[in-house]
Amino acid sequence: MAVKPEQPKLNVPAPDFSLPATDGKTYRLADILGEKGAVIVFICNHCPYVKAVTDRLVAAAETLGAEGIGFAAICANDATSHPEDSFENMGKFARERGFTFPYLHDESQDVARAYEAVCTPDFYGLDADGIIKYRGRLDEGRTEPPPPGAKAELVEAMRMIAATGEAPKEQMPSMGCSIKWKAA
């Protein structure tokens, strides 16, 4: 069942983290922040919404990276209930999909909870100071590509944040699979 985030909390500091990545390194938020900001996106390997956007996600990361905006993806799903989302499979997924950015593993799910992430994909756009300015979607595509001429909403929002410090007033929420939380 597809879920959407509730009203996002904006203009608050992005929670810091220290998470292992599929490239063998450990990253903190400061390592991801570019000179003009960063995008943090919660994804997973099994979600059809994520699978449908990965080519556009990689393209957006490359475009934004060239403009001084960092990018990282985080998987917080419970790999016990969803083995396709295991750390080992994250590495395979990142290689197969051509990720050019860190793919981080939030095994404890503490980071996803701190960000109040609810779905995959769930996008957070940060300004250069690490303040959350955007919580919207990549574009209007879901499990199908966006229609011809559709706006690249995430890229446009991040360019606006980098240039003015402000995000678009209208932010359409992302939609995707729910994060698979561990049993309490």
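Residues numbered from 1 in each chain as written. Predicted model: local features only at pLDDT ≥ 70, side-chain atom pairs only at ≥ 80, totals over all residues. Heavy atoms only, no water.

## Thoughts on the pairing of strand S6 (residues 70-75)
With 6 of 6 residues buried, S6 is to be regarded as a mostly interior element. Every second residue of S6 is oriented toward a common face, with Gly70, Ala72 and Ile74 on one face and Phe71, Ala73 and Cys75 on the other, all of them buried. Pairing geometry for strand S5 (residues 38-42) and S6, over 5 bridges, is parallel. Residue pairing across strands places phenylalanine 42 opposite isoleucine 74, the latter belonging to S6. In this fold, S5 hands off to helix H2 (residues 48-66), which returns the chain to S6; that crossover is right-handed. Here S6 runs beside strand S7 (residues 103-105); their pairing, made up of 3 bridges, is parallel. Within S7, the residue paired with isoleucine 74 across the bridge is leucine 104. Handedness of the β-α-β unit built from S6, helix H3 (residues 87-97) and S7 comes out right-handed. (Buried < 20%, exposed > 50% of the residue type's maximum accessible area, 1.4 Å probe, protein only. Helix = DSSP H or I, 4+ residues; strand = E, 2+ residues; numbered from the N terminus. Pairing = 2+ DSSP bridges. Right-handed = clockwise from strand over helix to strand, strands pointing away.)

## Concerning helix H5 (residues 153-164)
Between its first and last C-alpha, H5 extends 16 Å over 12 residues, near the 16 Å set by a 1.5 Å rise per residue. Considering only its buried residues, H5 is in contact with S5, H2, S6, strand S9 (122-126) and strand S10 (131-134). Glycine 165 lies just past H5 and shows a positive phi near 85°. (Expected span 1.5 Å × (residues − 1). Contact = heavy atoms within 4.5 Å.)

## A word on the sheet that holds S5
The sheet built from 6 strands is open, its strands ordered S2-S10-S9-S5-S6-S7 with mixed pairing. A single partner strand is all that each edge strand has here, and the edge strands are strand S2 (12-13) and S7. As judged from the 2 bridges shared by S9 and S10, these two strands associate in the antiparallel manner. Residue pairing for S10: glycine 125 is matched across the bridge by tyrosine 134.

## Let's talk about the packing of aromatic side chains
One pass over the structure, following the stated rule, counts 8 aromatic pairs. When the ring of phenylalanine 42 is compared with that of tyrosine 124, the centres are 5.8 Å apart and the planes differ by 80°; the resulting orientation is edge-to-face. Of this pair, phenylalanine 42 sits in strand S5 while tyrosine 124 sits in strand S9; the two residues are 82 residues apart in sequence, bridging distant segments of the chain. Exposure remark for phenylalanine 42: the relative accessible area of 1% places this residue in the buried category. (Phe/Tyr/Trp six-rings, centres within 6.5 Å; stacked < 30°, edge-to-face > 60°.)

## Thoughts on the side chain of asparagine 45
Here asparagine 45 shows up in the loop between S5 and H2. In terms of polar contacts, asparagine 45 uses its side chain to reach the backbone carbonyl oxygen of glutamate 84, at 2.8 Å. Apart from residues lying up to four places away in sequence, asparagine 45 is in contact with Lys51, Glu84, Asp85, Ser86, Asn89, Met90, Phe93 and Tyr103. (Polar contact = N/O pair within 3.5 Å; in protein donor to acceptor, adjacent residues only side chain to side chain.)

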